[in-house]
Amino acid sequence: MEKIQNVLMKYLMPIANKLEQQKHIQAIKDGIVASIPIIIVGSFCTIFLGIANLLGSGPVYDFLNANMGVLTYASAFTNDMLAVYATYFIAKTLSEKYDLKGSQPAVTALVVFFILCAVVKDGQLNTSYLGATGLFTGIVAALFTVEIYHICYEHKWYIKMPESVPPMVQDMFAALVPLVLNTIIAVAIANLSLTFGGVAFPQLIMNVLAPAITGMDTLPALLIVMFFTQLLWFFGLHGPSITSAVWATFAIAYAAENIAAYTAGQPVQHIFTFGLFYGILCVSGSGITLGLNILMMRSKAKSLSSVGKVSIIPSLFGINEPLIFGTPIILNPFMFIPFVFGPLICTTIVYLTMNLGLVGKPIANPPGFLPPGVSAFLMTLDWKAVALVFVLLILQTVFYYPFFKMMEKEELQKEQALEK
């Protein structure tokens with residue numbers, strides 16, 4: 001075990017640290033995460049639709065059906081415009097990492113995004129790419145725009161006004177050169193895509209990324225994501241924070257597509273969503289540690305019992321850092337197998353049950369930090385999802401048990417040695 005840990009520390013840690021420090025990856029992750037509250041608000045609209053579908057008839061059903069247009073009205077300006085908000089947040093985050101002041105870079109990113117996405121046909125504005133289908137274009141627009149700003153400011157390619165001019169006016173004129181450059185380039189790209197590609201730029205991006213987009217919503221991809229998330233945690237790095245830089249964009253796009261499909265009465269296709277990751281695959285925290293927490297509370301070892309009692313309330317709401325650092329699970333040879341590999345078994349069960357139609361797929365993105373089962377139900381509107389969560393908790397507890405007993409035995413020996 002020590003040899004494995006040393007090898008992983010030698011080769012994995014440098015990669016993880018670089019990912020954690022890379023400006024563009026972190027900007028994408030932070031910008032996408034900043035969009036989640038908007039998605040949650042939009043998801044509430046689908047809950048009304050889901051309740052109506054569950055009821056099928058009756059006075060409540062009639063009321064919901066008659067007022068569905070009002071109840072789902074906000075969806076058109078939240079989930080259906082997801083890429084707009086993500087573009088702004090990503091650009092804003094990256095501009096702050098470059099110490100670019102003001103909101104001009106983020107607003108310019110929106111200008112670039114609209115030029116690339118909002119295709120005008122027969123005098124009508126096509127807004128179909130402002131939602132999930134335009135998300136990758138939004139990422140490109142945000143990163144590209146801020147890079148142009150960064151280059152212009154770094155080389156002082158901007159209009160500099162006299163010191164006597166008010167700062168607000170100085171900033172306005174300083175933003176003109178990068179704004180013009182970004183606009184010219186965006187117009188050129190949009191028209192080249194339409195002329196030579198025959199499709200709008202967002203569709204071109206989607207065509208290029210099609211294999212990667214479909215590939216992320218598979219069992220092998222989910223297992224890889226979970227494996228590296230747990231492995232990073234085991235070495236003391238915040239697994240979801242690092243790996244989400246890669247998968248969050250896909251997971252949020254899948255969620256938006258599921259919500260749109262369900263609202264339109266079409267089949268829901270995707271399994272891997274942001275809500276699924278935190279509400280089911282990481283229920284009670286990374287490693288599904290609630291059962292371990294309960295075992296520790298009942299432990300004869302005073303150290304384990306104390307950590308278990310302190311950690312139980314946060315764990316019920318998906319915050320298990322006190323348990324991970326307090327036990328500690330980090331670099332704990334007893335916990336390596338159940339903590340890293342146990343969630344892979346649970347992930348396989350979740351994927352297969354949803355793929356086979358035994359449990360409903362995600363149709364909403366519920367708020368985070370909810371007790372076990374609550375998030376799963378709000379996400380799927382399927383009681384079987386709640387049952388699935390508790391099956392996972394029990395299964396993971398059984399998986400932890402023999403390793404916990406070995407750890408407890410060692411802790412008891414240490415405590416007895418100290419008492420002597």
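Because the structure is predicted, anything quoted here is derived from the model rather than measured.

**Q** Tell me about the overall build of the protein chain, and please be specific about residues and values.
**A** For the protein chain, the helix and strand inventory stands at 20 helices and two strands. Considering only C-alpha atoms, the protein chain reaches an extent of 80 × 60 × 40 Å along its principal axes. With 420 residues in all, the protein chain has 49% of them scored as buried. Taking as baseline every contact in the protein chain between residues at least 6 positions apart, the subset at least 24 positions apart corresponds to 73%. Surface summary for the protein chain: the accessible area is close to 19,800 Å², and the carbon and sulfur share equals 69%. The average position of the 21 basic charges and that of the 21 acidic charges among the side chains of the protein chain differ by 9 Å.

**Q** Please provide a residue-by-residue account of helix 14 (residues 274-281), values included.
**A** With respect to burial, helix 14 is a largely interior element, seven of its eight residues being buried. Among the residues of helix 14, F274, G275, L276, F277, G279, I280 and L281 are the ones counted as buried.

**Q** Describe a nonpolar patch on the surface, listing the residues and the values that go with them.
**A** Taken together, the side chains of I313, L316, F317, I319 and F369 present a nonpolar region at the surface, about 460 Å² in accessible area. With respect to the helices, strands and loops of the structure, F369 is situated in the loop between helix 18 (336-355) and helix 19 (374-380). Residue F369 is classed as exposed on the basis of its relative accessible area of 58%.

**Q** Tell me about unusual backbone geometry, residues and numbers included.
**A** In this model, T327 is joined to P328 through a cis peptide bond whose omega is -10°. For P328, the location among the structural elements is in the loop between helix 17 (321-326) and helix 18. Even without being a glycine, D99 presents a positive backbone phi close to 60°. Along the chain, D99 falls in the loop between helix 6 (82-97) and helix 7 (104-117). Positive phi, normally seen in glycine, also occurs at K156, with a value near 60°. Looking at the element boundaries, K156 is found in the loop between helix 8 (135-154) and helix 9 (167-174).

**Q** Please give an account of the packing of helix 8 against helix 13 (residues 239-263) that cites residues and values.
**A** Two elements in contact, helix 8 and helix 13, have axes separated by 10 Å at closest approach and are oriented at 140°. The orientation of helix 8 relative to helix 13 falls into the category oblique. Touching L135, F136 and I139 of helix 8 are T249, F250 and A253, all from helix 13. Residues of the contact of helix 8 with helix 13, tallied by class, amount to five nonpolar, one polar and no charged.

**Q** Outline the packing of aromatic side chains, supporting the account with residue identities and numerical values.
**A** Scanning the model with the defined rule gives 17 aromatic pairs in all. An angle of 70° between the planes, with centres 4.9 Å apart, marks the rings of F234 and F336 as edge-to-face. Note that F234 is positioned in helix 12 (residues 219-234) and F336 in helix 18, a separation of 102 residues in sequence. Each of the two residues, F234 as well as F336, counts as buried. Between F399 and F403, the ring centres sit 6.2 Å apart and the planes meet at 80°, which makes this aromatic pair edge-to-face. Taken together, the residues span about one helical turn, with F399 and F403 both in helix 20 (residues 383-419) at a distance of four residues. In this structure F399 comes out as partly exposed when scored by relative accessible area, which is 23%. A residue is classified by how much of its surface remains accessible, and F403, at 17% relative accessible area, is buried. Grouped by ring-pair contacts, the aromatic residues F227, F228, F234, F336 and F341 constitute a single cluster.

**Q** Account for the packing of helix 9 against helix 10 (residues 176-197), naming residues and giving values.
**A** Between helix 9 and helix 10, the least distance of the axes is 5 Å, while the angle of their chain directions is 30°. With respect to their mutual orientation, helix 9 and helix 10 come out roughly parallel. Within the contact between the two elements, helix 9 uses M172, F173 and A174 and helix 10 uses L176, V177 and P178. Residues of the contact of helix 9 with helix 10, tallied by class, amount to six nonpolar, no polar and no charged.

**Q** Go over the confidence of the model for the protein chain with me, naming the residues and quoting the values.
**A** Averaged over the protein chain, the pLDDT score is 87; the fraction of residues at 70 or greater is 95%. Confidence, read as mean pLDDT per element, is least for helix 1 (residues 2-21) in the protein chain (67) and greatest for helix 15 (residues 290-297) (96).

**Q** Residues and numbers for the side chain of K361, please.
**A** Here K361 is to be found in the loop between helix 18 and helix 19. One buried charged residue, K361, forms no salt bridge at all, with the nearest opposite charge on D217 at 6.8 Å. Polar side-chain contacts of K361 include one of 3.3 Å to the backbone oxygen of Q269. K361 has contacts with V268, Q269, H270, I271, M354, M379 and T380, leaving out every residue within four places of it along the chain.

**Q** Give a description of the environment of M379 that names residues and reports values.
**A** Along the chain, M379 turns up in helix 19. Residue M379 is classed as buried on the basis of its relative accessible area, which comes to 0%. Placed 332 residues apart in sequence, M379 and I47 show a C-alpha to C-alpha distance of 8.6 Å. In this structure M379 touches T273, G275, L276, G279, I280, K361, P362, I363, A364 and P366, once residues within four positions along its chain are discounted.

**Q** Give me the lowdown on the environment of V84, citing residues and values where you can.
**A** Mapped onto the secondary structure, V84 falls in helix 6. Judged by its relative accessible area of 9%, V84 is buried. Spatially, the C-alpha atoms of V84 and S43 are 17 Å apart, while their sequence positions differ by 41 residues. Each residue touching V84, except ones within four places of it in the same chain, is listed here: L110, F113, F114 and L130.

Conventions we followed
Residues numbered from 1 in each chain as written. Predicted model: local features only at pLDDT ≥ 70, side-chain atom pairs only at ≥ 80, totals over all residues. Heavy atoms only, no water. Helix = DSSP H or I, 4+ residues; strand = E, 2+ residues; numbered from the N terminus. Buried < 20%, exposed > 50% of the residue type's maximum accessible area, 1.4 Å probe, protein only. Contact = heavy atoms within 4.5 Å. Areas by Shrake-Rupley, 256 points an atom, 1.4 Å probe, with all protein chains shown as cover. Lys, Arg positive; Asp, Glu negative; His and termini not counted. Charge placed at Lys NZ, Arg CZ, Asp CG, Glu CD. Patch = residues over 30% accessible without salt bridge, like charges linked within 9 Å, V, L, I, M, F, W, Y side chains within 5 Å. Salt bridge = Lys/Arg side-chain N within 4 Å of Asp/Glu carboxyl O. Axes fitted to C-alpha atoms, helices over the stretch in contact; angles between N-to-C directions. Parallel < 35°, antiparallel > 145°, perpendicular 65-115°, else oblique. Nonpolar A, V, L, I, M, F, W, Y, C, P; charged D, E, K, R; others polar. Phe/Tyr/Trp six-rings, centres within 6.5 Å; stacked < 30°, edge-to-face > 60°. pLDDT = per-residue confidence, 0-100. Polar contact = N/O pair within 3.5 Å; in protein donor to acceptor, adjacent residues only side chain to side chain.

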